[in-house]
Amino acid sequence: MPEALGPSEAVLAAAVARRHLIDGESKVDLATSLGISRFKVARLLESARESGMVKIEIVSPLGIDTDRSAELREVLGLHHCVVVPGSGAEADPGVSAAAAALLTELVTDRDVLGLPWSRSVSRMVDALERLPEIPVVQLSGAMVTPEEDSSSVDVVRRAARIAGGGRHVFYSPLLLDDAASAEVMRRQPPVREALDHVADVTLAVIGLGAWAPDVSTIHDVLSPAERRGVTRAGAVGEAAGVFFDAEGVVVDTPLTARIVGLTGTQLHGIRQVIAIAHGAEKVAAIGAAVRGGLIHSLVTTAETADLLLARH
């Protein structure tokens, strides 16, 4: 048990703690001002902590779970990790705001930003307030669903208006009916020109889908036979139309040749890829994408972070 402070010493310890910890006064200056030794100042500060007079609490002002963020970043070996309290759809606004804040923090005026179609990326752009004057490149064709009224072109345009550095967009579905149609689409000059700029992208923000109902937009629009074909190819998840297996290795599926967007090689070539993903059903896909080096940073929820930590 710490030694109890007498009334007089308790008053002095409180004054020393307040002036040092809150006002930032040095121990040397405190000793001179109070006419006591530096060792006495140090002892008073230690007594203030041990007695419970001083309680130190680290609180994030950004609505971020800093402890989980630091632990998950270290365990997964990520460049950056931001964990938002909560779970499910209720956490979406916080996740979007955190992703926008992370992008704003990391992006520089030397970057080229790449954005694919993704519901989470669209919501992040809604939360963006500023970007340096950089170009924004569309990474994939559009995947419009009844629940969403925003396409990949719209996502890039909105981000480009904030940045003011120009944009490279193209009009094409993400998934064509067959490989021949997709190849014709890729050869169209506007599409080819925009896709040529994918090689310039240095920073991208993507969503991650698990290969299961309701957690991959692509999965939900396919026939049962098409879904089974992707499963047989070993895919457990997809990012911007790039499919990967349980180790994060990019795999060719029956859909790969039908997709208009960046390739797995191009995704690997982007210096910094931030993924926005959360939900218990996406945990395996997130872990695989990390193992395969497809993503470098992650924005997720506390629920998902705990499940990822439990797996590791």
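All values reported here derive from a predicted model rather than from experimental measurement.

Asker: Hey, could you run me through the overall build of the protein in this one?
Answerer: Scanning the protein for helices and strands turns up 14 helices and 10 strands. For 312 residues, the compact-globule formula gives about 20 Å, and the C-alpha radius of gyration of the protein, at 25 Å, lies well above that figure. Burial statistics for the protein: of 312 residues in total, 47% are counted as buried. Averaging the positions of the 29 positive and the 40 negative side-chain charges in the protein gives two centres separated by 2 Å.

Asker: How do you make sense of the side chain of E238 when you look at a structure like this?
Answerer: Locating E238 in the fold gives a position in strand β7 (residues 237-239). Despite its burial, E238 pairs with no opposite charge, the nearest such side chain being K282 at 7.8 Å. Here S216 takes part through its side chain, which lies 3.1 Å from a polar atom of the side chain of E238. Those residues within four positions of E238 in sequence are excluded, and the remaining contacts are G207, L208, G209, S216, T217, I218, F243 and F244.

Asker: Where do I start with the sheet that holds β7 in this structure?
Answerer: One open sheet accounts for 3 strands, arranged β6-β7-β8; its pairing is antiparallel. Strands with a single pairing partner mark the edges of an open sheet, and in this sheet they are β6 (209-210) and β8 (242-244). Sheet topology places β7 next to β8; 3 bridges connect them, and they run antiparallel. Looking at β8, one finds that G237 is bridged to F244. The strands touched by helix α13 (residues 283-291) within the sheet are β6, β7 and β8, with β8 carrying the most contacts at an inclination of about 95°.

Asker: Teacher, can you tell me more about the environment of P135 here?
Answerer: Looking at the element boundaries, P135 is found in the loop between α6 (119-127) and β3 (136-138). Put simply, P135 and V290 are 155 residues apart on the chain and 27 Å apart in space, counted from C-alpha to C-alpha. Beyond its immediate sequence surroundings of up to four residues, P135 is in contact with D111, V112, L113, G165 and G166.

Asker: Would you mind showing me how to read the pairing of strand β5 (residues 203-207) here?
Answerer: Within a regular strand, the side chains alternate between the two sheet faces. Within β5, 5 of the 5 residues are buried, leaving the element largely enclosed by the surrounding structure. Covered by surrounding structure in β5 are L203, V205 and G207 together with A204 and I206, the residues of both alternating faces. Bridge count between strand β2 (residues 113-115) and β5: 2 bridges; the pairing is parallel. Its bridge partner lying in β5, G114 is registered against A204. Strand direction decides the pairing type here: β5 and strand β9 (residues 272-276), joined by 5 bridges, are parallel. Opposite A204, over in β9, you have V273 as the bridge partner.

Asker: For this particular structure, what's the right way to read the nonpolar core?
Answerer: When a protein is soluble and globular, its nonpolar side chains tend to lie buried together. The biggest cluster of nonpolar side chains holds 45 residues, and the ones touching the most others in it are L72, L208, F244, L262 and I295. For this core, the secondary-structure elements that each account for two or more residues are α4 (66-76), β1 (80-84), α9 (189-196), β5, β8, β9, α13 and α14 (302-311). The biggest single contributor to this core is α13, with 6 residues. By size, the runner-up hydrophobic cluster in this structure holds 42 residues, among which are A99, A100, A159 and A235.

Asker: Just to check I follow, could you spell out the packing of helix α2 (residues 27-34) against helix α3 (residues 38-50) for this structure?
Answerer: If you want to describe how two helices pack, look at the angle between their axes and the distance between the axes. The interhelical angle for the contact between α2 and α3, taken along N-to-C directions, is 110°, at an axis separation of 8 Å. Here α2 lies roughly perpendicular to α3, going by the angle between them. Residues K27, V28, L30 and A31 of α2 touch α3, and the partners they reach there are R38, V41 and L45. Looking at the contact of α2 with α3 residue by residue, the class counts come to 5 nonpolar, no polar and 2 charged.

The rules we used
- Residues numbered from 1 in each chain as written.
- Predicted model: local features only at pLDDT ≥ 70, side-chain atom pairs only at ≥ 80, totals over all residues.
- Heavy atoms only, no water.
- Helix = DSSP H or I, 4+ residues; strand = E, 2+ residues; numbered from the N terminus.
- Rg over C-alpha atoms; globule rule 2.2 N^0.38 Å.
- Buried < 20%, exposed > 50% of the residue type's maximum accessible area, 1.4 Å probe, protein only.
- Lys, Arg positive; Asp, Glu negative; His and termini not counted.
- Charge placed at Lys NZ, Arg CZ, Asp CG, Glu CD.
- Salt bridge = Lys/Arg side-chain N within 4 Å of Asp/Glu carboxyl O.
- Polar contact = N/O pair within 3.5 Å; in protein donor to acceptor, adjacent residues only side chain to side chain.
- Contact = heavy atoms within 4.5 Å.
- Pairing = 2+ DSSP bridges.
- Axes fitted to C-alpha atoms, helices over the stretch in contact; angles between N-to-C directions.
- Core = buried A, V, L, I, M, F, W, Y, C linked by side-chain atoms within 4.5 Å.
- Parallel < 35°, antiparallel > 145°, perpendicular 65-115°, else oblique.
- Nonpolar A, V, L, I, M, F, W, Y, C, P; charged D, E, K, R; others polar.

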